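This is what each chain is made of:
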Amino acid sequence: VERELDRVESATERFATLDAALDAGYADIDVVMQNMGHHYLNADLLDATFQVDEPEILVYAPDAGGTMRLVAVEYAVPLALAESAPAGFTGDDDAWDRNETFELWTLHAWVHLDNPDGVFASHNPEVVLP
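Below, the structure is looked at part by part. Bear in mind the structure is a predicted one, so any value in this text is a computation, not a measurement. (Residues numbered from 1 in each chain as written. Predicted model: local features only at pLDDT ≥ 70, side-chain atom pairs only at ≥ 80, totals over all residues. Heavy atoms only, no water.)

## A closer look at the sheet that holds strand E1 (residues 27-33)
- Spatial ordering of the open sheet is given by E1-E2-E3-E4-E6-E5, a layout of 6 strands whose pairing is antiparallel. Two strands lie at the open edges of the sheet, namely E1 and strand E5 (97-99), each paired on one side alone. Adjacent strand axes in the sheet meet at a mean angle of 35°, parallel and antiparallel pairs treated alike.
- The strands touched by helix H1 (residues 2-12) are strand E3 (57-62), strand E4 (68-78) and strand E6 (104-109); relative to E4, the strand with the most contacts, the crossing angle is about 115°. (Pairing = 2+ DSSP bridges. Helix = DSSP H or I, 4+ residues; strand = E, 2+ residues; numbered from the N terminus. Axes fitted to C-alpha atoms, helices over the stretch in contact; angles between N-to-C directions. Contact = heavy atoms within 4.5 Å.)

Here you go:
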């Protein structure tokens, strides 16, 4: 699991700034949640396959100066394409959420900001939005 987390962290470092994500095809989906952040989706990546180094969603939160910084990645698989949760990361620590509102299986990985609740927790108390 540590190697996989290192791999996704390395693969997404290029999206440290929001402009880089926007340039790469990620778009604001108007999902902003306290203890999570602002969500940006690359719809071209939505399919039935979990790819550790290609997360469908990037999650940003403002730093102390108000600049949006990458804090987490989120994987998403449409419910219509998968009856059960994807295999995901090695082991049993990743718990996919069946999100009926968005009709997606989702999984956060807090690889760019430490999460005291765990790397795969859906919420992070360190992310406090204004």
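## Focus on the pairing of strand E2 (residues 37-41)
- Burial runs high along E2: 4 of the 5 residues are buried.
- Here 5 bridges tie E1 to E2, and the two strands are oriented antiparallel to one another. Within the sheet, the bridge partner assigned to Met-33 lies in E2 and is Gly-37.
- If you look at the hairpin formed by E1 and E2, you'll find 3 residues sitting between the two strands, and Asn-35 has a positive phi there, around 65°. (Buried < 20%, exposed > 50% of the residue type's maximum accessible area, 1.4 Å probe, protein only.)

## Let's talk about the packing of aromatic side chains
- Per the stated rule, a full pass over the model turns up 7 aromatic pairs.
- Ring centres of Tyr-75 and Phe-89 lie 5.7 Å apart, and the angle between their planes is 75°; on these two criteria the pair is classed as edge-to-face. One end of the pair, Tyr-75, is in strand E4; the other, Phe-89, is in the loop between E4 and E5, with 14 residues separating them in the sequence.
- Given a relative accessible area of 1%, Tyr-75 falls into the buried group. (Phe/Tyr/Trp six-rings, centres within 6.5 Å; stacked < 30°, edge-to-face > 60°.)

## Focus: the environment of Leu-107
- Summarising the element assignment, Leu-107 is placed in strand E6.
- On the accessibility criterion, Leu-107 (1% relative accessible area) is buried.
- Between the C-alpha atom of Leu-107 and that of Tyr-75, which follows or precedes it by 32 residues, the distance is 5.1 Å.
- Once you skip the residues sitting within four places of it in the chain, Leu-107 turns out to touch Val-73, Glu-74, Tyr-75, Phe-89, Asp-94, Ala-95, Trp-96 and Phe-120.

## Side note on unusual backbone geometry
- Its identity as a non-glycine residue notwithstanding, Asn-35 has a phi of 65°, on the positive side.
- You can see Asn-35 is positioned in the loop between E1 and E2.
- When its relative accessible area of 24% is taken as the criterion, Asn-35 is described as partly exposed.
- In the Ramachandran plot, Glu-103 falls in the positive-phi region, its phi being about 55° despite a non-glycine side chain.
- By secondary structure assignment, the location of Glu-103 is in the loop between E5 and E6.

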